[in-house]
Amino acid sequence: MRSGNRFRAIALAAVAFFVVAACGGSSGGGTTLASTQELRLNIEQEPGTLDPGLQQWNYEGVVGIRTFEALLKPTKDLKDVTGFAADSYSIDSTGTVYTFKLHPGAKWSDGVPVKAGDFVYGYQRLLDPRVAASYASYYYVIKNAAKINGMSPTDPTVDAAVQTLGVKAVDDTTFQITLESPAGYFKWVASLWTGTPVRKDIVAKYGKDSTGVDKWGIVSQAAADSLVGNGQYKVSEVVKNDHITLVLNPNYAGSSPKPTITKMTMFEIADETVAYAKYKSGELDFVKVPVAETEAVKSSAELVKNPELTVFWIDINVTAKPFDNVKVRQAFAAAIDRDSFVQNVLKGRGLSAGTLIPKGMRNYRPDLGQKFDATAGKTLLSGAGVSASSLNGVKYVYNANSPLNKTMAEFVQAQIKTNLGVDVVLDGVDSKTLSTRLRHQQYQFGGPSGWGADYPDSQDWFDVMMTGAGNNFSAYASTTYDTSTTKGDAESDNTKRDSLYETAEKTLVADAPLIFLYQRTSWWQVKPYVKGFTITPIDYFLGDFYPSSIQIAQH
């Protein structure tokens, strides 16, 4: 899942603890509960869409995961998957046919039964090139998916091609997916929040806008009516650039236990210092701790630390001068002191990172990573055939929505000046502008942005930088990288997979389309009445898949 500090495009991840705002009531477990079960949280930015198939950032997924259910979900220990919309699944002897048994009696938020055909349409729509879903490439292992998604959106045969996707409804409660070839990681793909059922009649009812884009999923009050989902919650209110409210779906009939929380108000406060002040005044129930408050909260009883499988980096547009020269990219990568960044900018809240794979993953290889070496950086720049002065004015784009983002940008600017002698111009823009420019390579370098594990398998990471991948903002293309990654993805033997992924990592580091910075550890202040949540390294919104385990004490 794309992460970042630009807010999102890029923002520090929002987390969803489940809390309350009033008193009274009792649970069956000995904890006296509040009578009003309302969650007030900050997701920092308005989602670009409420359509789960189009979502990319974690501030969007916080809504998508709760309003729609995918086939599977991670187990609490992250070692495997378990049922979600599907109660169970099986794999045939070839390793290419997955059969999912959907939960009987499941309903949409308007009371209509959920059927396997809804998953067929959801997956077909996800791979339709006219939809342009950022996560489509994750599903390319499905039969004909890559061919379909790679078609021109204007090709008149798209409709017919979409029908050849390797998905079918065996009956109303049996959904089947056929893969191009065996892929041991596919169970994790089936747990992604983007692969959900979608009601064809609902999408058709709300039509398209003047540009031909589905109106369904557009962030507006109309979403309260048009966003029919199969999840535990539904959208009840959208106030532009302020908040989104979710309430329990009264027609939910899935397999997940009923949550305690009946209402969630998701505020969109970009400035972390403003959000922190609202937490202290009691207007938010939990909040990300601003870096400036690190020392003040170290001994706080309300502090919760969350180590994450999340790595941040600086994106480099390899198609734009001067970064079309690999030695210039390598020089800039060598000029950043990551340890200093963690200690002086993040106040120790993280780990320096030189590789794509974070610490805690099987393929973590810090020995292969980028290293800070100012002397080597200058040598590389000289070898590139360019002078430092000729690079003066190169632009670093970043999200100017918060003081921390500005501090990060100024650190990068100072490092490049001190260690290479290049004057970098900072280009602060709003988050939506930044996201657009990154997606369309309308920049030189900028960030930081990054990736948080959608699932704890290295395939989730290496595929990010494949040629043409939706999250490859650098426009990076390498046959060696693509081949090694593709072969690693297909292997079921972990030793062989690791060897292939090692080649991919070495290639990526050598080509330097990214400047790796740090692995994040999130710090949160949480009101003491929050009980029963579990934090894992891939929790961007705590309680995503197991909200019913959280209880809120009377206060």
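Scroll up to find the structure.
Here we summarise the structure given alongside this text. (Residues numbered from 1 in each chain as written. Predicted model: local features only at pLDDT ≥ 70, side-chain atom pairs only at ≥ 80, totals over all residues. Heavy atoms only, no water.)

### Here we look at the overall build of the protein
Each helix and strand counted, the protein has 17 helices and 20 strands in total. Counting across all 555 residues of the protein, residues that qualify as buried make up 58%. Counting only carbon and sulfur atoms, one obtains 51% of the accessible surface of the protein, whose full area is about 20,100 Å². (Helix = DSSP H or I, 4+ residues; strand = E, 2+ residues; numbered from the N terminus. Buried < 20%, exposed > 50% of the residue type's maximum accessible area, 1.4 Å probe, protein only. Areas by Shrake-Rupley, 256 points an atom, 1.4 Å probe, with all protein chains shown as cover.)

### Digging into the sheet that holds strand β8 (residues 174-178)
Picture the strands of a sheet paired through backbone hydrogen bonds; they go either parallel or antiparallel. What the four strands build is an open sheet, ordered β5-β6-β8-β7; its pairing is antiparallel. The open sheet terminates on both sides in strands that have one partner only, identified here as β5 (86-91) and β7 (167-171). Pairs of neighbouring strands in the sheet enclose a mean axial angle of 25 degrees, with direction left out of account. Bridge count between β5 and strand β6 (residues 97-102): five bridges; the pairing is antiparallel. Following the sheet pairing, Ile91 is matched in β6 by Tyr98. Docked against the sheet, helix α2 (residues 116-127) engages β6, β7 and β8, running at close to 175 degrees with respect to β7. (Pairing = 2+ DSSP bridges. Axes fitted to C-alpha atoms, helices over the stretch in contact; angles between N-to-C directions. Contact = heavy atoms within 4.5 Å.)

### A short note on the packing of helix α10 (residues 326-334) against helix α12 (residues 374-383)
Between α10 and α12, the shortest axis-to-axis distance is 8 Å and the interhelical angle comes to 165 degrees. By the angle class used here, α10 and α12 are roughly antiparallel. Considering how the two elements wind past one another, α10 and α12 form a crossing that is left-handed. Taken together, the residues of α12 that come into contact with α10 (itself represented by Lys327, Val328, Gln330, Ala331 and Ala334) are Ala374, Gly377, Leu380, Leu381 and Gly383. Split by residue class, the contact of α10 with α12 holds six nonpolar, three polar and one charged. (Parallel < 35°, antiparallel > 145°, perpendicular 65-115°, else oblique. Left-handed = near helix turned anticlockwise from the far one by under 90°. Nonpolar A, V, L, I, M, F, W, Y, C, P; charged D, E, K, R; others polar.)

### Quick look at helix α16 (residues 479-490)
For α16, spanning 12 residues, the distance from its first C-alpha to its last is 16 Å, which sits close to the expected 16 Å at 1.5 Å a residue. Tucked into the core, α16 has its buried residues touching α15 (459-462) and α17 (494-511). (Expected span 1.5 Å × (residues − 1).)

### Section: the packing of aromatic side chains
All chains considered together, the criterion is met by 27 aromatic pairs. Through pairs of rings, three or more aromatic residues link up here, namely Tyr89, Tyr98, Phe100, Phe119, Tyr123, Tyr139, Phe175 and Phe186. Above the face of the Tyr279 ring, Lys527 is positioned so that its terminal group lies 4.0 Å from the ring centre. (Phe/Tyr/Trp six-rings, centres within 6.5 Å; stacked < 30°, edge-to-face > 60°. Lys NZ or Arg CZ within 6 Å of the ring centre and 35° of its normal.)

### Focus on the environment of Gly360
Inspection of the secondary structure puts Gly360 in the loop between β14 (350-352) and α12. Relative accessible area serves as the criterion here: at 69%, Gly360 is assigned to the exposed category. C-alpha of Gly360 to C-alpha of Leu309: the two residues are 51 residues apart in sequence and 7.1 Å apart in space.

### Quick word on the environment of Leu438
As for its position among the elements, Leu438 is in helix α14 (residues 431-439). Between the C-alpha atoms of Leu438 and Asn472, which are 34 residues apart in sequence, the distance is 9.2 Å.

### A word on the pattern of salt bridges
Per the counting criterion, the structure on display carries 23 salt bridges. Between Lys187 and Asp80 there is a salt bridge, and its shortest N-O distance comes to 3.2 Å. Note that Lys187 is positioned in helix α5 (residues 186-189) and Asp80 in the loop between β3 (72-74) and β4 (81-83), a separation of 107 residues in sequence. The salt bridge partner of Arg437 is Asp427, with a shortest N-O separation of 2.9 Å. (Salt bridge = Lys/Arg side-chain N within 4 Å of Asp/Glu carboxyl O.)

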